[in-house]
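The lines below spell out each chain.
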Amino acid sequence: MTEQDSGAVDLLRLEGLRTEIAVRGGTVHALGGIDLSVRAGETLGIVGESGCGKTMTALSIMGLLPQGGRVAGGKILLEGEDLTKESPQEVRRLRGTRSGMIFQDPLTSLNPTMTIAK
């Protein structure tokens, strides 16, 4: 696991994440080297204009890239485990247990009458 100066362990760390999407006639370089980290107790909000890579970053982390999409480089460390080295089946197994994603419209993803965690 990665530790920072404060001794906190990164729950999620991206190191040079690059994502590409193969399209007819070439390749779209969707992400070109994203670095970020989230420690226990932190909340991260990714903001930016349309098309800047917010959703593509999240889809890359979750292993939910569109057809033709692939992580072309870098690391996705979830509690120190590099997801880029895991099989698609293992990444799928982690979804909903160790990782999750709330899509852009939280009202369609969250039910205010149910708790998220205990």
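Rules behind the numbers
- Residues numbered from 1 in each chain as written.
- Predicted model: local features only at pLDDT ≥ 70, side-chain atom pairs only at ≥ 80, totals over all residues.
- Heavy atoms only, no water.
- Helix = DSSP H or I, 4+ residues; strand = E, 2+ residues; numbered from the N terminus.
- Areas by Shrake-Rupley, 256 points an atom, 1.4 Å probe, with all protein chains shown as cover.
- Pairing = 2+ DSSP bridges.
- Contact = heavy atoms within 4.5 Å.
- Buried < 20%, exposed > 50% of the residue type's maximum accessible area, 1.4 Å probe, protein only.
- Lys, Arg positive; Asp, Glu negative; His and termini not counted.
- Salt bridge = Lys/Arg side-chain N within 4 Å of Asp/Glu carboxyl O.
- Polar contact = N/O pair within 3.5 Å; in protein donor to acceptor, adjacent residues only side chain to side chain.
- 1 Å grid on protein atoms, 1.4 Å probe; cavity = no way out; pocket = protein on both sides within 12 Å on 5 of 7 lines; lining within 4 Å.
- Points joined across faces, edges and corners; volume = space filled by probe spheres on them.
- Nonpolar A, V, L, I, M, F, W, Y, C, P; charged D, E, K, R; others polar.

Student: Mind showing me how you'd approach the overall build of the protein chain here?
Tutor: Looking only at helices and strands, the protein chain features 3 helices and 4 strands. Each helix and strand of the protein chain, ordered N terminal to C terminal, gives the series β-β-α-β-β-α-α. Of the roughly 8200 Å² of accessible surface on the protein chain, a fraction of 52% belongs to carbon and sulfur atoms.

Student: Help me out: how do you make sense of the sheet that holds strand β4 (residues 81-82) in this one?
Tutor: Where strands meet in a sheet, backbone hydrogen bonds hold them as pairs that are either parallel or antiparallel. Strand order in this open sheet of 4 strands is β2-β1-β3-β4, and the pairing throughout is antiparallel. Strands at the two margins of the open sheet, each flanked by one partner only, are β2 (26-39) and β4.

Student: Before we go on, may I ask you to explain the environment of Ser 99 in this structure?
Tutor: By the secondary structure assignment, Ser 99 is in the loop between α2 (88-94) and α3 (106-109). As a C-alpha pair, Ser 99 and Met 62 span 37 residues in sequence and 7.4 Å in three-dimensional space. Apart from the residues lying within four places of it in its own chain, the contact partners of Ser 99 are Met 62, Leu 78 and Leu 94.

Student: Help me understand the side chain of Asp 82 in this model?
Tutor: With respect to the secondary-structure elements, Asp 82 resides in strand β4. Of the side chains with opposite charge, Lys 85 lies nearest to the buried Asp 82, which makes no salt bridge, at 4.1 Å. A distance of 3.4 Å separates the side chain of Asp 82 from the backbone nitrogen of Ile 76, its partner in a polar contact. Among residues more than four places away in sequence, those in contact with Asp 82 are Lys 75, Ile 76 and Leu 77.

Student: In this structure, what is going on with unusual backbone geometry? I would like to understand it.
Tutor: Comment: phi is negative for the bulk of residues other than glycine, and the bulk of peptide bonds are trans. In this model, Glu 79 sits at a positive phi of 50°, which is unusual for a non-glycine residue. Inspection of the secondary structure puts Glu 79 in the loop between β3 (69-78) and β4. Overall, the relative accessible area of 37% leaves Glu 79 in the partly exposed class.

Student: How should I be thinking about the pairing of β2 in this particular structure?
Tutor: Successive side chains on a regular strand alternate, one facing one side of the sheet and the next facing the other. Bridge count between strand β1 (residues 10-23) and β2: 11 bridges; the pairing is antiparallel. Looking at the pairing, Leu 17 lines up with Ile 34 of β2.

Student: Looking at this structure, I do not really get the layout of surface pockets. What am I missing?
Tutor: Gaps left between atoms are located by rolling a probe of water-molecule size over the structure's atoms. Estimated volume of the largest pocket: approximately 890 Å³. Lining the largest pocket we find 27 residues, and of these Leu 44, Ile 46, Ala 58, Gly 100 and Met 101 sit closest to its centre. Put simply, the parts of the chain that give the lining of the largest pocket at least two residues each are β1, β2 and α1 (54-62). By residue number, the principal contributor to the lining of the largest pocket is α1, which donates 6 residues. The class makeup of the residues in the lining of the largest pocket is 14 nonpolar, 8 polar and 5 charged.

Student: It is not clear to me how the side chain of Glu 20 should be interpreted in this structure. Could you clarify?
Tutor: Relative to the helices and strands, Glu 20 resides in strand β1. Looking at Glu 20, its side chain comes within polar contact range of the side chain of His 29, at 3.3 Å. With residues up to four places along the chain from it excluded, the contact list for Glu 20 reads Thr 27, Val 28, His 29, Ala 30, Gly 68, Gly 69, Arg 70 and Ala 72.

Student: Hey, could you run me through α1 in this one?
Tutor: For the α-helix, the turn length of 3.6 residues means that residues three or four positions removed from each other point alike. For α1, the full list of buried residues reads Met 56, Thr 57, Leu 59, Ser 60, Ile 61 and Met 62. Gly 63 lies just past α1 and shows a positive phi near 70°.

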